[in-house]
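# A closer look at the structure
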Amino acid sequence: MPAHWLLQEGGRISLGSDSQIQIDLFEDARLIEYHLRMTRLERVLLASENGRDLTQRLFAIATKEGARSLSVPVGELAPGRPADFVSIDLDDPSVAGAEPGALLEQLLFSVERTAVREVFVQGKSIVQAGRHRDQTEIVRKFAGLQNRLWR
């Protein structure tokens, strides 16, 4: 079912991290728009409902709607709320030079995973300086699995 039709009918779309290939919600949001462009040969099909522009809608799909689908409160950093957030390196080549007024568009349509510097989940640091806190162990286990699979 096309995303724009689902949204026009009052449905909601959320993205998640259930893939073993990569976790990149901005890329997944881009792909929703790209798929519509390729199948409908039209642009910005997600932008019209209730006056919400494309970037606002795609950002909500990539962030707030996923949390909403899990009944997790989001949208503010406040006492008693889960502190789930990321920091983006604005000097990363994928977003460097973005004007403050166009930063959301840059994040949705240009940012690469290399720009993600810190990730916090429920206030706990998961990624620091672009590196997962358990990366060494994760890579070691993955390499061992690869060796067993391909022998």
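Worth saying up front: this structure is predicted, and the values here are computed from it rather than measured.

Here Val-72 is to be found in the loop between helix H4 (64-69) and strand E1 (85-88). Considered as a pair, Val-72 and Pro-82 are 10 residues apart in the sequence and their alpha carbons are 8.1 Å apart. In contact with Val-72, not counting residues within four places along its chain, are Ala-67 and Pro-82.

Throughout the structure, instances matching the rule amount to three salt bridges. Here the residues in one salt-bridge network are Glu-137, Arg-140 and Lys-141, joined through shared partners.

The strand order across the open sheet formed by four strands is E1-E2-E3-E4, and the pairing between neighbours is antiparallel. Lying at the two open borders of the sheet, with one neighbouring strand each, are E1 and strand E4 (131-132).

For the rest of this paragraph, the subject is the nonpolar core. Formed by 14 residues in total, the largest nonpolar core has its most connected members in Leu-15, Ala-29, Leu-58, Ile-61 and Val-111. Counting residues per element, the ones that place at least two in this core are helix H2 (25-40), helix H3 (54-62) and helix H5 (103-109). In terms of residue count, the dominant contributor to this core is H3 (four residues).

As a further point, take the environment of Glu-112. Locating Glu-112 in the fold gives a position in the loop between H5 and strand E2 (116-121). A relative accessible area of 47% means that Glu-112 is categorised as partly exposed. Each C-alpha atom of the pair Glu-112 and Glu-27 lies 8.2 Å from the other, and the pair is 85 residues apart in sequence.

This part takes up the packing of aromatic side chains. Applying the stated criterion to the full structure yields one aromatic pair. Look at Phe-85 and Phe-120: their rings are 4.7 Å apart centre to centre, the planes differ by 15°, and that puts the pair in the stacked class. Within this pair, whereas Phe-85 is found in strand E1, its partner Phe-120 is found in strand E2, the two being separated by 35 residues in sequence. The exposure class of Phe-120 is partly exposed, given its relative accessible area of 22%.

Taken together, the side chains of Leu-145, Leu-149 and Trp-150 make up a nonpolar region of the molecular surface, amounting to roughly 380 Å² of accessible area. Of note, Leu-149 is situated in helix H6 (residues 135-149). Of the residues examined, Leu-149 reaches a relative accessible area of 54% and is grouped as exposed.

Bringing unusual backbone geometry into the picture now. For Gln-122, which is not glycine, the phi torsion reads 50° and is therefore positive. Inspection of the secondary structure assignment puts Gln-122 in the loop between E2 and strand E3 (124-128). Of note, the phi angle at Ala-129 is positive, near 50°, even though the residue is not glycine. Position of Ala-129 relative to the elements: it lies in the loop between E3 and E4. Its relative accessible area of 53% is what places Ala-129 among the exposed residues.

Attention now moves to H3. What sets the pattern is the α-helix's 3.6 residues per turn: residues three or four places apart point alike. For H3, the buried fraction is high: seven of the nine residues fall into the buried class. Buried within H3 we find Leu-54, Thr-55, Arg-57, Leu-58, Ala-60, Ile-61 and Ala-62.

With that settled, the discussion passes to the pairing of E3. Two strands pair when backbone bridges link them, and E2 and E3 are joined in this way by three bridges, in the antiparallel orientation. Within the sheet, the bridge partner assigned to Val-119 lies in E3 and is Val-127. What sits between the antiparallel neighbours E2 and E3 is a turn of two residues, in which Gln-122 has the positive phi angle 50°. Two elements, E3 and E4, share two bridges in a ladder whose sense is antiparallel. The residue of E4 that forms the bridge with Val-127 is His-132. Hairpin connection from E3 to E4: two residues lie between these consecutive antiparallel strands, with Ala-129 at a positive phi of about 50°.

Criteria and thresholds
- Residues numbered from 1 in each chain as written.
- Predicted model: local features only at pLDDT ≥ 70, side-chain atom pairs only at ≥ 80, totals over all residues.
- Heavy atoms only, no water.
- Helix = DSSP H or I, 4+ residues; strand = E, 2+ residues; numbered from the N terminus.
- Contact = heavy atoms within 4.5 Å.
- Salt bridge = Lys/Arg side-chain N within 4 Å of Asp/Glu carboxyl O.
- Pairing = 2+ DSSP bridges.
- Core = buried A, V, L, I, M, F, W, Y, C linked by side-chain atoms within 4.5 Å.
- Buried < 20%, exposed > 50% of the residue type's maximum accessible area, 1.4 Å probe, protein only.
- Phe/Tyr/Trp six-rings, centres within 6.5 Å; stacked < 30°, edge-to-face > 60°.
- Patch = residues over 30% accessible without salt bridge, like charges linked within 9 Å, V, L, I, M, F, W, Y side chains within 5 Å.
- Areas by Shrake-Rupley, 256 points an atom, 1.4 Å probe, with all protein chains shown as cover.

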